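Listed below, chain by chain, are the residues.
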Amino acid sequence: MKHDHLELCLLFDFYGEMLTDKQRELFDLYYNEDLSLSEIAEHAGITRQGVRDAVVRAEHTLTALEDKLHLVSRYGKIDQHAQALSQEIKMLSHINANYMQNAEIGKILTHMQEHIRAITG
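Residues numbered from 1 in each chain as written. Predicted model: local features only at pLDDT ≥ 70, side-chain atom pairs only at ≥ 80, totals over all residues. Heavy atoms only, no water.

Bringing the overall build of the chain into the picture now. Check the secondary structure of the chain and you find 6 helices and 0 strands. Oriented by its inertia axes, the alpha-carbon framework of the chain measures out at about 70 × 25 × 20 Å. In the chain, once contacts between residues fewer than 6 apart in sequence are set aside, the share between residues at least 24 apart is 55%. Carbon together with sulfur atoms contributes 56% to the accessible area of the chain, which is approximately 8500 Å² in total. (Helix = DSSP H or I, 4+ residues; strand = E, 2+ residues; numbered from the N terminus. Contact = heavy atoms within 4.5 Å. Areas by Shrake-Rupley, 256 points an atom, 1.4 Å probe, with all protein chains shown as cover.)

The structure is reproduced here in structure tokens:
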């Protein structure tokens with residue numbers, strides 16, 4: 001399965017430390033620094049094909065890790081649900097402030113929002 005540039009960069013953010021130092025460096029130069037294979041080859045003192053092979057191996061490693069661990073997928077789901085919960089808390093806060101005016105409910109809603117911020121960073 002072919003992965004797009006953004007997805008590979010996200011996988012790198014999650015799993016990059018699992019790559020060898022050389023794979024990590026070459027992948028970073030290719031995807032994050034947007035250098036050509038020739039420029040990286042010159043920088044690293046290896047052939048263009050050697051750079052390509054290392055980048056492809058890194059891509060395979062990153063995608064295999066995601067296939068086994070699903071951290072990126074889980075993160076995306078957690079973020080979506082946290083955003084939805086945050087919107088619902090805002091709606092409840094508005095209802096409480098305008099109609100119920102219950103201080104205890106206000107405190108609970110504030111704590112819920114703090115928990116969502118803690119989860120999403």
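Quick look at a negative patch on the surface now. A cluster of like negative charges, contributed by Glu33, Asp34, Glu39 and Glu42, occupies part of the molecular surface. Structurally, Asp34 is set in the loop between helix 2 (21-32) and helix 3 (37-44). Asp34 gets classed as exposed once you look at its relative accessible area, which sits at 63%. (Patch = residues over 30% accessible without salt bridge, like charges linked within 9 Å, V, L, I, M, F, W, Y side chains within 5 Å. Salt bridge = Lys/Arg side-chain N within 4 Å of Asp/Glu carboxyl O. Lys, Arg positive; Asp, Glu negative; His and termini not counted. Charge placed at Lys NZ, Arg CZ, Asp CG, Glu CD. Buried < 20%, exposed > 50% of the residue type's maximum accessible area, 1.4 Å probe, protein only.)

This paragraph deals with the pattern of salt bridges. Applying the stated rule across the entire model yields 2 salt bridges. Across the pair Glu25 and Lys22 runs a salt bridge whose closest N-O atoms are separated by 3.9 Å. On the criterion of helical spacing, the pair formed by Glu25 and Lys22 is a turn pair, its members being 3 residues apart in helix 2. With a relative accessible area of 33%, Glu25 lands in the partly exposed category. The partly exposed category is assigned to Lys22, whose relative accessible area is 37%.

The values reported here are purely geometric and, on their own, carry no functional implication.
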